[in-house]
Amino acid sequence: GVTGVQTCALPIFACDESTGPFAGRLYLASKKQNDAVRPYRIYLTTSDDEGRTWSVQWTLDDSIPGGANLKSMAIPSVGPTGMLWIGYLSYDTAYSPFPRYIVETSTDGGATFVPHVAAVLPLSAGGVAADSLYQYSYVLAASPRDPGRAILAWTDRRNGDPDIMMTMTSDGGATWSGPMRVNDDAVGNGVGQEMVWGAWAQDGTYALAWRDRRNAGPGQSAAFRVYASRSTDGGVTFQPNVPVSASASPAINFLDGNDFLGAALTSNALVCTWADARVSPLGLRSEE
């Protein structure tokens, strides 16, 4: 429902670049700023004048709540026909005994939404206080070429250490593939992969990038490099992992301000940005 103006955190934008009726519309999805006041909520606001004015904020998790036990963020994306996708994590035991990734879709510019369960997680999939330096992020991205196709990827420790898992849909979110592990090091070796981000190229190629400790050993305090993997078939299969960063960064011993990396993809290049401690206590690297 309509909520009025809220003070929100983690604002993430998406733009309708289609030729549909809502072409040019900006979508800003966010979460509640004050984590101490529960339940956590997911919000949306829109702009049709390049951000000069914005609509009232709407709560998106009315039908399937984000829940009181986690700080869920909202990830928006817009497909080639103008369909809006927004993903978030839900853990409310009144609805399910397990955490679930929910993807809401809208074909009317965000006026109404249809919720879809994209993935159900075992309770062992989430992070614990003992490894709080791992970033259990997730990313949703709609294909810019194929209507109805989108990929959701997340950090998942069901195998005993954090891995990069993904699922995809080709029918507008009605059905989703079973979770697939993308990092190709040995399963359950204690090495953590986390802080995942993904991007599509206009030709339908998709890539995931993440922080990876396979060259340094097990544990959250191990040095990391950024690795990536590409899919040329819309997320059905992924190519062998390749390192993106030229050398390792020491572990970064705090979370705030170190929550995301970025990825942009063309038909022949992947560009990533991330926080890095090779040169200074916290620097910014951009490598291809």
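Residues numbered from 1 in each chain as written. Predicted model: local features only at pLDDT ≥ 70, side-chain atom pairs only at ≥ 80, totals over all residues. Heavy atoms only, no water.

(A) Main features of the packing of aromatic side chains. What the rule picks out here adds up to six aromatic pairs. Here Trp197 and Phe260 contribute two aromatic rings whose centre-to-centre distance is 5.7 Å and whose plane-to-plane angle is 85°, an arrangement assigned as edge-to-face. One end of the pair, Trp197, is in strand S14 (residues 193-200); the other, Phe260, is in the loop between strand S17 (242-243) and strand S18 (262-265), with 63 residues separating them in the sequence. Judged by its relative accessible area of 29%, Phe260 falls in the partly exposed class. Site record: aromatic cluster; members linked through ring pairs are Tyr101, Tyr138 and Trp154. In this arrangement the basic side chain of Arg211 is found over the ring face of Phe224, its NZ or CZ atom lying 4.9 Å from the centre. Across from the ring centre of Tyr227, 4.4 Å away, lies the NZ or CZ of Arg214, which sits over that ring. (Phe/Tyr/Trp six-rings, centres within 6.5 Å; stacked < 30°, edge-to-face > 60°. Helix = DSSP H or I, 4+ residues; strand = E, 2+ residues; numbered from the N terminus. Buried < 20%, exposed > 50% of the residue type's maximum accessible area, 1.4 Å probe, protein only. Lys NZ or Arg CZ within 6 Å of the ring centre and 35° of its normal.)

(B) Quick peek at the pattern of salt bridges. Here the structure, examined in full by the defined rule, presents 13 salt bridges. Put simply, Arg214 and Asp184 hold a salt bridge, and the shortest N to O gap is 2.9 Å. Remark: Asp184 occurs in the loop between strand S13 (180-181) and S14 and Arg214 occurs in the loop between strand S15 (206-212) and strand S16 (225-231); sequence separation between them is 30 residues. Here Asp184 falls in the partly exposed class, since its relative accessible area comes to 42%. The shortest N-O distance in the salt bridge between Asp276 and Arg278 comes to 3.0 Å. The exposure class assigned to Asp276 is buried, which follows from its relative accessible area of 2%. Linked through salt bridges whose partners overlap, the residues forming this network are Arg145, Asp146 and Arg149. (Salt bridge = Lys/Arg side-chain N within 4 Å of Asp/Glu carboxyl O.)

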